[in-house]
Amino acid sequence: MLRIKNLHTSYGAVKVLRNISLHVAEREIVCLIGANGAGKTTLLFTIMGLVHPNAGQIIFQEQEISNMPTPEIVCLGISLVPEGRQIFYPLTVEENLELGAYHRRKNDPKEKIQADMEHVYQLFPRLKERRGQIAGTLSGGEQQMLAIGRAFMARPKLLMLDEPSLGLAPRLVDKIMDTILALNQEGLTILLVEQNARRALEIAHRGYVLETGRIVLQGHTQELLTDEDVRRAYLGRDYQKFTD
Amino acid sequence: MSLEDRIEYLSPEGWRQWQLELLQSTLNRVYQRVPFYRKLMEENGIKPEDIGELEDLKKLPFTTREHLAQNYPYDLFAVPLRDIVRLHAFPGPKAPIVKGFTSRDLKALRGLTCRFLTHCGVTSEDIVQICLDPGMSIWIEEIKEGAETLGALVIPPDPQSAQDRLRIMHDFRTSVLISTPSYALHLLHYMQKEGLLPPKSLRLAVLVGEEIDGQNRLRLEQAMNLNTRLGYGITEVIGPGMGYECEEKQGYHLAADYFLAEIIDPKTLRPLPPGQIGELVVTTLSIKANPLIRFRTGDLTQLLDSPCPCGRTTPRIGPIVGRCDGRLSIRGIKISLDYLEELLREVYHHLPAYCLRIKRHHYLEELELWLAINEQLFEPSILGLHRIMEKFQHRFNETFGLPCRLKLVEKEHLDAFAQGQKVIVS
Ligand SMILES: Nc1ncnc2c1ncn2[C@@H]1O[C@H](COP(=O)(O)OP(=O)(O)OP(=O)(O)O)[C@@H](O)[C@H]1O
Ligand SMILES: [Mg+2]
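Residues numbered from 1 in each chain as written. Chains lettered and ligands numbered in written order. Predicted model: local features only at pLDDT ≥ 70, side-chain atom pairs only at ≥ 80, totals over all residues. Heavy atoms only, no water.

K.L.:
Give me the lowdown on the sheet that holds strand E11 (residues 278–284) of chain B, citing residues and values where you can.
P.N.:
All names here are of chain B. The antiparallel open sheet is built from four strands, whose spatial order is E10-E11-E12-E15. Lying at the two open borders of the sheet, with one neighbouring strand each, are strand E10 (259–264) and strand E15 (322–323). Looking at chain direction, E10 and E11 are connected through six bridges and run antiparallel. Residue pairing for E11: Phe259 is matched across the bridge by Thr284. (Pairing = 2+ DSSP bridges. Helix = DSSP H or I, 4+ residues; strand = E, 2+ residues; numbered from the N terminus.)

K.L.:
Explain the environment of B:Asp126 to me, and be specific about the residues and the numbers.
P.N.:
Residue and element names in this part refer to chain B. Looking at where Asp126 falls in the secondary structure, it is placed in the loop between helix H5 (103–120) and strand E3 (127–131). Measuring from C-alpha to C-alpha, the distance between Asp126 and Pro380 comes to 57 Å, with 254 residues separating the pair along the chain. For Asp126, the residues in contact, after removing those within four places along its chain, are Gly121, Ala152, Leu153, Ser175, Val176 and Arg203. Polar side-chain contacts of Asp126 include one of 2.9 Å to the backbone nitrogen of Thr123. (Contact = heavy atoms within 4.5 Å. Polar contact = N/O pair within 3.5 Å; in protein donor to acceptor, adjacent residues only side chain to side chain.)

K.L.:
I'd like to hear about helix H1 (residues 40–48) of chain A, residue by residue, with values.
P.N.:
Residues and elements named next belong to chain A. Among the nine residues that make up H1, seven are buried, leaving the element largely enclosed by the rest of the structure. Listing the buried residues of H1 in full gives Lys40, Thr42, Leu43, Leu44, Thr46, Ile47 and Met48. Phi for Gly49, located one or two positions after H1, is positive at around 80°. (Buried < 20%, exposed > 50% of the residue type's maximum accessible area, 1.4 Å probe, protein only.)

K.L.:
So what about the side chain of B:Glu262? Which residues, and what values?
P.N.:
Residue and element names in this part refer to chain B. Along the chain, the position of Glu262 falls in strand E10. With relative accessibility at 12%, the residue Glu262 sits in the buried group. In terms of polar contacts, Glu262 uses its side chain to reach the side chain of Arg294, at 2.8 Å. Dropping the residues within four chain positions of it, Glu262 is found in contact with Leu57, Lys58, Glu279, Leu280, Val281, Thr283 and Arg294.

K.L.:
Help me get a handle on the site of ligand 1, residues and values and all.
P.N.:
All names here are of chain A. Inspection of the region around ligand 1 gives 13 residues, with Asn36, Gly37, Lys40, Thr41 and Thr42 positioned closest. Between ligand 1 and Asn36 there is a distance of 2.8 Å, counted from an oxygen atom to a side-chain nitrogen or oxygen. One of the side-chain nitrogen or oxygen atoms of Thr41 is found 2.6 Å away from an oxygen atom of ligand 1. A total of 630 Å² of accessible area belongs to ligand 1 in isolation, and the protein chains cover 59% of it. The leading source of residues in the shell around ligand 1 is H1, at three residues. Grouping the constituent residues of the shell around ligand 1 by class yields four nonpolar, six polar and three charged. (Near = heavy atom within 4 Å. Areas by Shrake-Rupley, 256 points an atom, 1.4 Å probe, with all protein chains shown as cover. Nonpolar A, V, L, I, M, F, W, Y, C, P; charged D, E, K, R; others polar.)

K.L.:
Can you lay out the sheet that holds strand E19 (residues 364–372) of chain B for me, pointing to particular residues and giving the numbers?
P.N.:
Sheets are built from strands that pair by backbone hydrogen bonding, the pairs being arranged parallel or antiparallel. Residues and elements named next belong to chain B. Pairing is mixed across the open sheet formed by four strands, whose spatial order is E20-E19-E18-E21. At either end of the open sheet lies a strand with only one pairing partner, and these are strand E20 (404–409) and strand E21 (423–425). Within the sheet, the average angular offset between the axes of one strand and its neighbour, ignoring direction, is 25°. Relative to E19, strand E18 (residues 354–361) is paired through eight bridges, and the arrangement is antiparallel. Bridging from a neighbouring strand, Arg360 pairs with Glu365 of E19. (Axes fitted to C-alpha atoms, helices over the stretch in contact; angles between N-to-C directions.)

K.L.:
Just give me the short version of the nonpolar core, but keep the residues and values in it.
P.N.:
Nonpolar side chains in soluble globular proteins tend to end up buried together. All names here are of chain B. Core analysis: the largest hydrophobic core is formed by 122 residues, its most contacted members being Leu369, Phe392 and Phe396. Counting residues per element, this core draws most heavily on helix H2 (residues 12–33), which supplies eight residues. Both of domain 1 (1–325) and domain 2 (329–425) provide at least three residues apiece to this core. When residues no more than four places from it in sequence are discounted, the contact partners of Leu369 are Leu340, Leu344, Tyr354, Cys355, Leu356, Phe392, Cys404, Arg405, Leu406 and Lys407. (Core = buried A, V, L, I, M, F, W, Y, C linked by side-chain atoms within 4.5 Å. Domains from an automatic or database assignment.)

In structure tokens form, the structure reads like this:
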């Protein structure tokens, strides 16, 4: 579904992504793990067209998207839940969800959008209870649910999540991971960025390890869970960089 | 369908992406962690970033068995030594070749062996009897573990006579025989000589380690009333299961998620197109401890171009038609003359004139080394002569896991027999 080949991205003179090749097949959950500053967010931003690559191809459903503007990419069916749950604080929960479906107004009938909203409420009953509440007053976990719900409202084919478990209590992390799994089982393809490698590897099918802008390892998640480097660097207590 | 089942049916585009990703991350790892490869790449002015297509592999230099020996003991590991959980050593003339495995490597290898055996038709219902020489210990080990993982009952090759092996085969209803082609033929010969019927339970022979010609294969299948499948692997590189026949029996499907295969002209070192015989060059894609980049295997074969009727999309190679590195394959065990000479020097402190004779005795290859007797070798007593011969025979067996009979002859006799050749096949 998504195929990236030889992608290079820099911020000015600073090279951040070097020759990244990666793919996500339909109905897969692929996770991307890597230390702080490895370039995970940059990769998601490059896919979304928020940052422009210096070289390389990003092919989504057989279409080159590396130079498309973000709104067009969203219309093609890629949606991002950014790091730090970016939602509109002054708006209500429901208004936030409606905004998520903004680009669908022209093509999709109201009932369909309404049905999707019901589906979000079904996934997160908590949001339904708080549908009229101002988003800024939600708890961290609820804000993350809202951010996922909002991305879902765009009816993406590929949902990308940037560290959805960051700063959440373990119980909420469970809930978020379960939801990602449920969305995947409904047919959604997922690219998941996580520092919580264990949780990500538990739900994903395959994974890639990004280090200083390069992919140094990949494989089925069972393989990565037994991989000595992954265990040392991302699953153990004492963090150690792959390159050390 | 699981990913493991799907992988062999990827589209050509899917394969290109899959292999490119693995190649790039392998290069990123070896560049960071293996000074030998980093130096090799720097000398050729290449960084991992320069590899954007599979074809770019051509920019990288080749590696050989000599490189492996030169970097003995630690210099080719791409992981910290503490991650290595198994180490195999292979005989080499200057230094042994060592190959380490991380536990992830072992798991991957097991997975590959299971795939190979599954495609051959081995199931959890089978009783698998392995009849391989001790020199093929890694094959034995991996096949044993792979078959056990599949849930089969495994009978490993504890030292036994052909007679006892056949008896066990009968009494325990062995359904799958795993051996070299020559040993299978040897068993057949033995049965025919003794007037024994082939065990009824035997339905499949998985033949590894060497090639078999079509005529002998047919004879084996008919006389033993079984199906045969061939498997290809090099234990220094990856292991068993690198190539396996599917039900169509049209060459070996390669495990393209484990390695990239190229065929080159061994003289010009240029890549050869499908259909032309050349040397198989392997780049590992999913090995962690000892990745190999453009490793020259010495095996001569060709890439097959046409899609296989079985529907698998993995690349295929034809039979191994010979070797281009001067090494001999005796019952699946590879022997280099360089190493043989090294052993002679070690044992006798000089290199006597010699000729290695390969004899076939009831389909089994037997080795006989003729040495020209000289003053340094001469011993007046029979016992002394015997001891001299014993010394080498012992060393040879210890090194290759294969017996070799030594014969001391007059120089003239040797010359007349060898006619200037170092190896005579008779
Ligand atoms: N706008 C920017 N300008 C310059 N450099 C940037 C910019 N954004 C990110 N970087 C740098 O790019 C590198 C990769 O950043 P990125 O945010 O992609 O990493 P990350 O893997 O998402 O890390 P984290 O786990 O901390 O979120 C870092 O060194 C970062 O400092
Ligand atoms: Mg980030």
